[in-house]
Amino acid sequence: MLLRIQSDESLLSFVARNIYVNRYDPEVKELCRLANIALTSHGVKLIASAMGWPGCFGFNRLLHEHTYFPRYSLFKNIQDNSYSHREYISVGHRYEYNREPASYCPECVNEDLATLGFSYWRRVYRSDINVCAKHNVLLVSKCPVCDKPFAHKGHGLDVMWRGCAGRHIGESSSVKNDDPAELRKSKFFADAFNCESVLSVEAVLLALRGKFSSLTLCSVETKNSKLNDLRSRVEFSIKVIEKNSTVNNGHMLDSHSELVWECALLLYEDFEDFMEDVKRFKYEPRIASALWSTYRAGGSESAQYIEENYRYGVGHWSCPYPSPLSLLRESNDGFDRPMRYRCCNFTAPKRKGKQLSPKTVDFPPPRIPMLAKGEPVARSVKRGPCASLVHTEFESY
């Protein structure tokens with residue numbers, strides 16, 4: 001059986017830890033081929049299945065709790081009913097990659113050893129985080145014994161448990177961070193990743209516009225070309241969202257995440273202050289876990305969604321915001337659709353040349369598991385020794 005996944009543990013850490021403890025276990029063997037490759041949607045689904053976390057819900061739960069994906073999913077258009085858009089049926093996104101060096105905090109490692117008896121690799125918020133938000137020490141990305149990186153052509157992640165040259169990597173001394181900006185950024189992301197809700201990107205952008213407006217009182221700040229550029233981009237994004245929301249253009253359901261992070265990190269001291277500003281506007285928080293069972297299944301201008309029901313093993317199709325743009329000649333809806341259904345088609349626009357005709361889809365949608373009420377479901381817990389097994393509890397659906 002598999003070990004328990006720990007709080008904030010990265011997925012490749014979970015895989016490597018299981019292989020190190022019991023590589024010959026049949027369930028672990030299924031994960032072995034993930035250890036040295038880029039972890040994509042297929043790999044995340046494989047891990048979720050092995051853990052007993054079903055379907056789209058388990059997939060998104062792993063993304064939310066054990067990868068950097070909240071960086072892209074925290075800010076969400078109110079017309080987007082999915083947690084991770086098309087990620088569940090996608091194959092291209094890379095969530096972890098062994099050519100990107102892993103890093104650890106020596107203080108966290110020693111705390112883990114004292115409380116758990118072992119340590120593990122935390123999920124990375126991305127390579128631009130260099131400081132531990134909890135201990136304000138620099139993260140270590142090279143072995144303190146031999147100076148190899150924790151990446152391809154360096155150490156594998158199992159060095160966390162087997163050590164190097166007879167020494168545990170937790171023996172390295174901590175180097176205190178003396179850059180307040182780096183600590184502030186690390187804390188900002190840590191607090192944001194612990195947020196249980198997704199935030200309306202419309203409210204977020206309005207809050208940022210208000211913050212920029214308050215800076216006009218300071219002539220020095222308004223002369224800053226970077227601030228002026230960001231302010232212009234925020235204004236433009238607000239106009240784009242307003243324009244597309246009037247016609248429900250699902251093709252433009254962009255979270256504007258990178259712009260929001262860049263502005264928020266520049267304008268606010270911490271995530272709490274940022275949230276206080278957001279709440280002053282049309283604040284519509286949605287619990288993130290309420291979106292985990294739903295994925296974007298298709299549609300261009302008119303976004304289509306599937307919500308998986310694990311009690312009955314069925315997927316509920318919906319198109320909550322049909323767009324009039326789908327009826328236009330240049331629309332992708334009704335043209336690139338792989339199949340034509342009797343119940344939920346848009347009228348195919350008339351074109352010269354080849355017309356729409358039914359055809360078989362390239363591959364079926366992911367299978368929807370069915371769980372009886374009261375069936376035991378594997379759930380993660382935050383305690384237990386390295387060799388502990390996955391904890392199961394009865395959970396109703």
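Going by the structure above, here's the rest.
Along each chain, the written sequence defines residue order, and numbers are assigned to residues from 1. A pLDDT threshold of at least 70 governs which residues receive local features in this predicted model, and a stricter bar of 80 or more applies before side-chain atom pairs are shown or counted, although totals over entire chains, interfaces and linings include all residues. Computation of side-chain values: all heavy atoms of the structure, hydrogens and water removed.

A. Structural context of the pattern of salt bridges. Salt bridges are defined as contacts in which a side-chain nitrogen from Lys or Arg sits within 4 Å of a carboxyl oxygen from Asp or Glu. For the structure on display, the rule yields 14 salt bridges. Where Glu-65 meets Arg-61, a salt bridge forms, and the shortest distance between an N and an O atom there is 3.6 Å. Linking Glu-65 with Arg-61, this pair stays in helix 4 (residues 55-66), spanning four residues, or about one helical turn. Only protein chains enter the accessibility calculation, which uses a 1.4 Å probe; a residue whose area is less than 20% of its type maximum is buried, one above 50% is exposed, and one in between is partly exposed. Overall, Glu-65 belongs to the partly exposed group, its relative accessible area being 24%. The exposure class assigned to Arg-61 is buried, which follows from its relative accessible area of 11%. With a shortest N-O distance of 2.8 Å, Asp-128 and Arg-71 are connected by a salt bridge. Here the residue Asp-128 occupies a position in the loop between helix 6 (106-115) and helix 7 (159-162), and Arg-71 occupies one in helix 5 (residues 70-73), the gap between them amounting to 57 residues. Asp-128 gets classed as partly exposed once you look at its relative accessible area, which sits at 24%. Judged by its relative accessible area of 3%, Arg-71 falls in the buried class. Overlapping salt bridges, with partners in common, bring together Asp-229, Arg-233 and Glu-262 in one network. Per the convention used, a helix needs a DSSP run of H or I reaching at least four residues, while a strand needs a run of E reaching at least two, with both numbered from the N terminus.

B. Representation of the pairing of strand 6 (residues 314-318) in the model. Two strands form a pair only when DSSP identifies at least two bridges running between them. Here strand 5 (residues 304-309) runs beside strand 6; their pairing, made up of five bridges, is antiparallel. The residue of strand 6 that forms the bridge with Glu-308 is Gly-315. In this antiparallel pair of consecutive strands, strand 5 and strand 6, the connection spans four residues, and Gly-313 shows a positive phi of 70 degrees.

C. Main features of the nonpolar core. Take the buried Ala, Val, Leu, Ile, Met, Phe, Trp, Tyr and Cys residues and link them wherever side-chain atoms come within 4.5 Å; each set so joined is a nonpolar core. Counting 48 residues, the largest nonpolar core has Val-44, Ile-47, Met-51, Leu-62, Tyr-104, Trp-121 and Phe-150 as its most contacted members. Tallying contributions element by element places helix 1 (residues 11-22) first for this core, with six residues. Contacts between residues were defined by any pair of non-hydrogen atoms, one from each residue, lying within 4.5 Å. Among residues more than four places away in sequence, those in contact with Leu-62 are Ile-5, Leu-11, Val-44, Ile-47, Ala-48, Met-51, Trp-53 and Thr-67. Of all hydrophobic cores here, the second largest spans 36 residues; its members include Phe-75, Val-204, Ala-207 and Trp-261.

D. Expanded view of helix 11 (residues 225-245). For a helix, the expected span equals 1.5 Å multiplied by the residue count minus one. The end-to-end C-alpha distance of helix 11 is 30 Å, a good match for the 30 Å that 21 residues give at a rise of 1.5 Å each. Inspection of helix 11 places Leu-227, Leu-230, Val-234, Ser-237, Ile-238, Val-240, Ile-241 and Asn-244 among the buried residues, and these make up the whole buried set. Seen from one end, helix 11 has its buried residues packed into an arc of 165 degrees, which puts them on one side. Residues Ser-225, Phe-236, Lys-239 and Lys-243 are exposed on helix 11 and point more than 90 degrees away from its buried face. Taking the helix axis as origin, the arc is that swept by the directions to the C-beta atoms.

E. View of the sheet that holds strand 2 (residues 197-200). As summarised here, the arrangement of the three strands in space is 1-2-3, forming an open sheet in which the pairing is mixed. Only two strands of the sheet have a single neighbouring strand rather than two, namely strand 1 (75-76) and strand 3 (286-287). Of the strand pairs in this sheet, strand 2 and strand 3 are connected by two bridges, and their pairing is antiparallel. Within the sheet, the bridge partner assigned to Val-198 lies in strand 3 and is Arg-286. A fitted line through C-alpha atoms serves as each axis, taken over the contacting stretch for helices, and the angle formed by two N-to-C directions is quoted from 0 to 180°. Its contacts with the sheet place helix 9 (residues 201-214) against strand 1 and strand 2, and it is angled at close to 60 degrees to strand 2.

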